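# Overview (structure and organization)
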Amino acid sequence: MGQLNAGIVPVTPFQQNCTILFDMDDKHGVVVDPGGDIDKVLAVLKDNAITAAAIWITHGHIDHAGGAMELKEALGIEIIGPHEADKLLLDNLENQGQRYGIAGARNCVPDRFLAEGETVSFGSHMFEVLHCPGHAPGHVVYYNRAAKFAHVGDVLFRGSVGRTDLPGGDHAALIASIKNKLLPLGDEIGFICGHGLGGRFGEERRTNPFLT
Ligand SMILES: [Zn+2]
Ligand SMILES: [Zn+2]
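Criteria and thresholds
Residues numbered from 1 in each chain as written. Chains lettered and ligands numbered in written order. Predicted model: local features only at pLDDT ≥ 70, side-chain atom pairs only at ≥ 80, totals over all residues. Heavy atoms only, no water. Helix = DSSP H or I, 4+ residues; strand = E, 2+ residues; numbered from the N terminus. Rg over C-alpha atoms; globule rule 2.2 N^0.38 Å. Contact = heavy atoms within 4.5 Å. Lys, Arg positive; Asp, Glu negative; His and termini not counted. Charge placed at Lys NZ, Arg CZ, Asp CG, Glu CD. Donors = N, O, S within 2.8 Å, 3.2 Å for Na, K, Ca; no water. Pairing = 2+ DSSP bridges. Axes fitted to C-alpha atoms, helices over the stretch in contact; angles between N-to-C directions. Expected span 1.5 Å × (residues − 1). Buried < 20%, exposed > 50% of the residue type's maximum accessible area, 1.4 Å probe, protein only. Arc of directions from axis to C-beta. Polar contact = N/O pair within 3.5 Å; in protein donor to acceptor, adjacent residues only side chain to side chain.

## Some thoughts on the overall build of the protein
Helix and strand counts for the protein come out as seven helices and 13 strands. For 212 residues, the compact-globule estimate of 2.2 N^0.38 gives 17 Å, and the protein sits close to it at 16 Å. Sequence-distant contacts, at least 24 apart, represent 59% of the contacts inside the protein between residues at least 6 apart. For the protein, the separation between the mean place of its 17 positive charges and that of its 26 negative charges on side chains is 5 Å.

And the structure:
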């Protein structure tokens with residue numbers, strides 16, 4: 001197996017980091033959080049000769065899941081995640097789209113919900129599922145122990161944390177998710193998040209104003 005690599009495609013007016021995780025050698029991978037702009041995502045896959053085996057969703061917000069059904073149909077692949085606690089959000093993406101003026105967003109019906117402790121994989125790249133509520137009730141994080149890498153969605157950002165003023169948000173739960181589930185994985189863990197630049201857990205543990 002080759003090295004795990006990641007490519008980011010900013011999508012939707014929220015500039016969400018749709019992330020293509022793939023194997024450097026065989027170019028097989030998954031698309032995490034195709035919130036929209038699916039033509040752009042498909043073009044990046046094609047231009048880089050990457051074959052997507054599945055769609056993984058971190059949580060049920062429109063900028064992360066609004067384009068999932070369109071991508072599923074275009075590629076004939078399954079939607080996996082998030083945790084079932086986000087079903088209500090996923091069932092209302094079309095309403096969210098109207099509210100935020102995002103055309104083409106569709107309600108998302110995952111083929112499989114995920115729970116704490118499950119694993120998902122492509123090729124030999126295995127990711128542990130961590131249920132991290134707070135920003136959204138069913139938010140999951142995908143953690144690859146071997147690569148010391150986590151995709152944290154909108155749980156944690158560089159120098160910030162996810163907002164908790166949206167339906168189902170809970171600030172205390174969010175901070176508990178970060179402090180009890182993410183930071184204990186180790187300072188050296190690198191992360192990609194849903195918006196902006198990623199970083200390392202150690203840097204956030206030391207300098208993130210929401211965690212000190
Ligand atoms: Zn979100
Ligand atoms: Zn987001």
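## Description of the coordination of the zinc ion (ligand 2)
All of the protein donors around the zinc ion (ligand 2) are Asp 63 (OD), His 64 (NE2), Asp 154 (OD) and His 195 (NE2); their distances to the metal are 2.1 to 2.3 Å. One chain supplies every donor to the zinc ion (ligand 2), and in sequence these donors are spaced D-H-x89-D-x40-H. In this structure the zinc ion (ligand 1) is found 3.4 Å away from the zinc ion (ligand 2), and Asp 154 serves as a bridging donor for the pair. Of the two residues, Asp 154 is situated in the loop between strand E9 (149-153) and strand E10 (156-157) and His 195 in the loop between strand E12 (190-193) and strand E13 (199-200); the sequence distance between them amounts to 41 residues.

## Overview of the sheet that holds strand E2 (residues 16-23)
Strand order in the open sheet made by the five strands is E1-E2-E3-E4-E5, with mixed pairing throughout. Two strands lie at the open edges of the sheet, namely strand E1 (4-11) and strand E5 (78-80), each paired on one side alone. The sheet shows a mean angle of 30° between the axes of neighbouring strands, direction not considered. As defined by bridge partners, strand E4 (residues 51-56) adjoins E5 across three bridges and the pair is classed as parallel. By the bridge assignment, Ile 55 is partnered in E5 with Ile 79.

## Section: helix H6 (residues 171-182)
Along its 12 residues, H6 runs 15 Å from first to last C-alpha, staying within 8% of the 16 Å computed at 1.5 Å per residue. All buried positions along H6 are accounted for by Leu 174, Ile 175, Ser 177, Ile 178 and Leu 182. With its buried residues spanning 150° around the axis, H6 presents them on a single face. Counted as exposed and oriented over 90 degrees from the buried face of H6: Ala 172 and Asn 180. Those residues of H6 that are buried lie in contact with strand E7 (125-131), strand E8 (140-144), E9, E10, strand E11 (160-161) and helix H7 (201-207). You can read the cap of H6 off the contacts: a side-chain oxygen lies 3.2 Å from the backbone nitrogen of Ala 172, and it is on Asp 170.

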